[in-house]
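The residues making up each chain are set out below.
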Amino acid sequence: MTTMYAALLRGINVGGKKRVPMAELRQLMEGLGYDAVRTHLQSGQAVFASGHGDEESLAAELTRAVEEHFGFPVDVIVRDHAYLRAIAESCPFPAADLEAKQLHVTYFSAPVTADRFAEIDQEACLPEEFRLGDRALYLYAPNGLGRSRLAELLARPRVNKGLIATTRNWNTVMKLVELTAG
């Protein structure tokens, strides 16, 4: 049985650092035996089909392969289509009424609880808000991520300690659902 997955690579091709050409990434993934490999944008999304492994083992395999091939470490989260669809369907904000730049999802490598974010004074950041989901955090930032005080607080290393966390805007969230649909 083959499953469609998305690989989310964290922090590549930003500001000229950790350059990972998408054509080269596709070739690398095909060399690992993945099928139907496609990339989306230059910011670290790839979709693929695999009949072996699970999200965790595929992420570990891809993480090792990227470091060996490109010569630097890159955190990778792998999620299957069912998960990506469930994240989109469970959005606690009115996604259809918002601009894509206002709504983001941070994907985490493991489950998170509200305790992790207890130090963040959400009221002080209004109208920005966040809600937790399954290994994900939904962020409503009406003025965009670049101007978001809440996004800055959520990205602090002590808040994300022990996790891989990578954020995508709503357009990318929806595109990954579409691309992994098969």
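All of the points below concern the structure found in this document. Just so we're clear, the structure is a prediction, and the values are computed from it rather than from any experiment.

Further remarks concern the sheet that holds strand 7 (residues 136-140). Within a sheet, neighbouring strands are paired by backbone hydrogen bonds and run either parallel or antiparallel to one another. Overall, antiparallel pairing links the four strands, which are arranged 6-7-5-8 in an open sheet. Lying at the two open borders of the sheet, with one neighbouring strand each, are strand 6 (129-133) and strand 8 (165-169). Between one strand and the next, the sheet's axes are offset by a mean angle of 20°, whatever the strand orientation. Against the sheet, helix 6 (residues 170-179) touches strand 5 (103-108), strand 7 and strand 8, its axis set at about 95° to strand 8.

A word on the environment of Trp170. Tracing the backbone shows Trp170 in helix 6. Among the residues examined, Trp170 registers a relative accessible area of 10% and is labelled buried. Sequence-distant contacts of Trp170, defined by excluding residues within four places in its chain, comprise Ala88, Cys91, Ala95, Ala100, Leu103, Val105 and Tyr138.

Our focus in this paragraph is the packing of aromatic side chains. All told, the structure shown has seven aromatic pairs when counted by the stated rule. Residues Tyr34 and Phe48 carry aromatic rings whose centres are separated by 4.4 Å and whose planes lie at 25° to one another, so their mutual orientation is stacked. Note that Tyr34 is positioned in the loop between helix 1 (22-31) and strand 2 (35-40) and Phe48 in strand 3 (residues 45-50), a separation of 14 residues in sequence. What makes Tyr34 buried here is its relative accessible area of 3%. Under the relative-accessibility criterion, Phe48 is labelled buried at 0%. Members of the aromatic cluster, joined through ring pairs, are Tyr5, Tyr34 and Phe48. Over the face of the ring belonging to Tyr83 we find Arg79, whose NZ or CZ atom lies 5.4 Å from the ring centre.

Let us look at the sheet that holds strand 1 (residues 3-9). The antiparallel open sheet is built from four strands, whose spatial order is 2-3-1-4. Each having just a single partner strand, strand 2 and strand 4 (76-80) make up the two edges of the open sheet. Averaged over all pairs of adjacent strands, the angle between strand axes in this sheet comes to 20°, irrespective of strand direction. Bridge count between strand 1 and strand 3: six bridges; the pairing is antiparallel. Paired with Ala7 across the two strands is Ala46, which belongs to strand 3. Where helix 2 (residues 55-70) meets the sheet, its contacts fall on strand 1, strand 3 and strand 4, and the angle it forms with strand 4 comes to roughly 145°.

Thresholds, definitions, all that
- Residues numbered from 1 in each chain as written.
- Predicted model: local features only at pLDDT ≥ 70, side-chain atom pairs only at ≥ 80, totals over all residues.
- Heavy atoms only, no water.
- Pairing = 2+ DSSP bridges.
- Helix = DSSP H or I, 4+ residues; strand = E, 2+ residues; numbered from the N terminus.
- Axes fitted to C-alpha atoms, helices over the stretch in contact; angles between N-to-C directions.
- Contact = heavy atoms within 4.5 Å.
- Buried < 20%, exposed > 50% of the residue type's maximum accessible area, 1.4 Å probe, protein only.
- Phe/Tyr/Trp six-rings, centres within 6.5 Å; stacked < 30°, edge-to-face > 60°.
- Lys NZ or Arg CZ within 6 Å of the ring centre and 35° of its normal.

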